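What the coordinates show
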Amino acid sequence: MFQALQQAIEKRTAVVGVVGLGYVGLPLVRAFVTAGFRTLGLDVDQSKVDLLRKGTSYIGHIRSEWIAACQEQGQFEPTADMARLAEPDAILICVPTPLSESRDPDLSFVEATARQLAAALRAGQLVILESTTYPGTTRDVVLPILKASGLEPGRDFFLAYSPEREDPGNPEFSAQTIPKVVGGIDPPSRQLAESLYGAAVAGVVPVSSCEVAEAAKIVENTYRSVNIAMVNELKKVFDRIGVDVWEVIDAAKTKPFGYQAFYPGPGLGGHCIPIDPFYLSWVARKHGMPTRFIELAGEINTSMPEYVVHRLIAALNDAGKPLKGSRVCILGMAYKKDIDDPRESPSFELLNLLRAGGAIVSYNDPHIPVLPRMRRHEVPKMDSCELSEPFVAEQDVLLIATDHSSYDYDFLVRHAQLIVDTRNATRNITHGRDKIWKA
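On a predicted model such as this, the values are computed, not experimentally measured, just so you know.

1. Some words on the overall build of the chain
When helices and strands are tallied, the chain shows 15 helices and 13 strands. Taken over C-alpha atoms, the radius of gyration comes to 24 Å for the chain, in line with the 22 Å a tight globule of 439 residues would show. Its C-alpha atoms give the chain principal-axis dimensions of about 75 × 50 × 40 Å. Within the chain, residue pairs in contact and separated by at least 24 positions form 69% of the contacts whose partners lie at least 6 positions apart. Here the chain contributes 46 positive and 54 negative side-chain charges, whose respective centroids are spaced 1 Å apart.

2. Examining the side chain of Asp340
With respect to the secondary-structure elements, Asp340 resides in the loop between β9 (327-331) and α13 (346-356). For the buried Asp340, which has no salt bridge, the nearest side chain bearing the opposite charge is Arg343, at an N-O separation of 8.2 Å. A polar side-chain atom of Asp340 sits 2.8 Å from the main-chain amide nitrogen of Gly60. In contact with Asp340, not counting residues within four places along its chain, are Tyr23, Tyr58, Ile59, Gly60, His367 and Ile368.

3. Re the sheet that holds strand β13 (residues 436-438)
To summarise the sheet geometry, strands pair through backbone hydrogen bonds and adopt either a parallel or an antiparallel arrangement. Spatially, 5 strands are ordered β10-β9-β11-β12-β13 in an open sheet, and the strand pairing comes out parallel. Lying at the two open borders of the sheet, with one neighbouring strand each, are β10 (360-364) and β13. Strand-to-strand twist in this sheet, taken as the mean axis angle between neighbours without regard to direction, amounts to 20°. The pairing of β9 with strand β11 (residues 397-400) spans 4 bridges and is classified as parallel. Paired with Cys329 across the two strands is Leu398, which belongs to β11. With respect to the sheet, α13 is in contact with β9, β10 and β11, its orientation differing from that of β9 by roughly 175°.

4. Description of the packing of aromatic side chains
Inspection of every chain in the model, using the stated rule, returns 7 aromatic pairs. Taken together, a centroid distance of 6.0 Å and an interplanar angle of 75° make the contact between Tyr407 and Tyr409 edge-to-face. Both residues of the pair, Tyr407 and Tyr409, count as buried. Put simply, the rings of Phe32, Phe37 and Tyr197 touch in pairs and so form one group of aromatic residues.

5. A look at the packing of helix α2 (residues 25-34) against helix α4 (residues 64-72)
The geometry of a pair of packed helices is captured by two quantities: the angle between their axes and the separation between those axes. Relative orientation of the contacting elements α2 and α4 amounts to 55°, with a least axis distance of 12 Å. When the axis of α2 is compared with that of α4, the two are oblique. Between α2 and α4 the crossing geometry is left-handed. On the side of α2, the interface is formed by Leu26, Val29, Arg30 and Val33, while α4 contributes Trp66, Ile67 and Cys70. For the contact of α2 with α4, a count of residues per class yields 6 nonpolar, no polar and 1 charged.

6. Let's talk about the sheet that holds strand β4 (residues 90-93)
Read across the open sheet, the 8 strands follow the order β3-β2-β1-β4-β5-β6-β7-β8; overall the sheet is mixed. If you trace the sheet from one side to the other, it starts and ends with β3 (76-79) and β8 (204-206), each paired once. Taking each pair of neighbouring strands and ignoring which way they run, the sheet shows an average axis angle of 25°. Taken together, the 2 bridges between strand β6 (residues 157-161) and strand β7 (residues 180-184) define a ladder with antiparallel strand orientation. By the bridge assignment, Tyr161 is partnered in β7 with Gly183.

Calculation rules
- Residues numbered from 1 in each chain as written.
- Predicted model: local features only at pLDDT ≥ 70, side-chain atom pairs only at ≥ 80, totals over all residues.
- Heavy atoms only, no water.
- Helix = DSSP H or I, 4+ residues; strand = E, 2+ residues; numbered from the N terminus.
- Rg over C-alpha atoms; globule rule 2.2 N^0.38 Å.
- Contact = heavy atoms within 4.5 Å.
- Lys, Arg positive; Asp, Glu negative; His and termini not counted.
- Charge placed at Lys NZ, Arg CZ, Asp CG, Glu CD.
- Buried < 20%, exposed > 50% of the residue type's maximum accessible area, 1.4 Å probe, protein only.
- Salt bridge = Lys/Arg side-chain N within 4 Å of Asp/Glu carboxyl O.
- Polar contact = N/O pair within 3.5 Å; in protein donor to acceptor, adjacent residues only side chain to side chain.
- Pairing = 2+ DSSP bridges.
- Axes fitted to C-alpha atoms, helices over the stretch in contact; angles between N-to-C directions.
- Phe/Tyr/Trp six-rings, centres within 6.5 Å; stacked < 30°, edge-to-face > 60°.
- Parallel < 35°, antiparallel > 145°, perpendicular 65-115°, else oblique.
- Left-handed = near helix turned anticlockwise from the far one by under 90°.
- Nonpolar A, V, L, I, M, F, W, Y, C, P; charged D, E, K, R; others polar.

Right, dumping it as structure tokens:
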């Protein structure tokens, strides 16, 4: 089984299946198609599959023309039929791993996929989990489910872990150019996973086990979470003493060694940084170890939307207005600039807090024309408002939550009554500075 699969990978005759066609899965499809593999994309969301079959992309940095061309050439086939999991030679699992209400790991999507896979598993398949999770998931959760198929791991089928490292909207890095960390449940599994990714991405970093690969991903994002928490806390301190935290960071980063710049914001967003550190805290608690440093960083970052709203209330009070009844337009619902990804965006928490305080809230985001449904928030039906001169002028305050490059900040400052800027987006505007409150 091993030799046959290894040869199929080397000859590019292996079919690659990707389960979960979101911000991780679809770029992976592109990487393997570009490398010459035929791909099968599987997703339980029939609406996504229908769009892809029509040649329509729902992810900004994946072009619809490319989707259509790949299907016409027979290189990519999307489907919602999970019974077809028996067809691919290699299966990459890219499903969500959110947190529960109590901030514990929610592996329901991973487990459901593993059960569907076990029902269809055949000899000679390689399975790779890419979803971010805690060390031990591949071996302790996925492996027992797949073994229920009656097939023997390391002989009949192979299992590995390789954490996704997608950075949506980053023009410098894509799935093809980011090195892949790879760990297997045994040496043959790791070797096959190395060969597969080595054929499609810029580099492969093999490690001794799935657990090391799982831990590496959590370390990468915990590092960012902790450092962002530090500058978020410093923002509050420096604001109290009248010092601009962004100017401080710009000065500090001129040091050519021993410092890396991180920037504050209205809270953490995205599919990794707000979630991964809590996975590490959870597994540490299981082993009787507190992770006070990590949990404190999480508390600071999750508190930032409330801090922003308090600053907005202070700005309105200074103008002699209450929050209740004031018109507030949130600029940017994506979790970071120039993308269409709303996952875990703090803008949704800002929206809920402002509405709870009685504000009349609207939003604009050139990348998100209609507010999507979110797992953790009740989202009202709302369309993006056009930033016309009359609309901007009638808002009591504009809240810059995401600093999209397409915004004309000179225009916004010129016509707005008041602006609360959480991203230092207005730093180069010289007029109307008395209208701008940083938060």
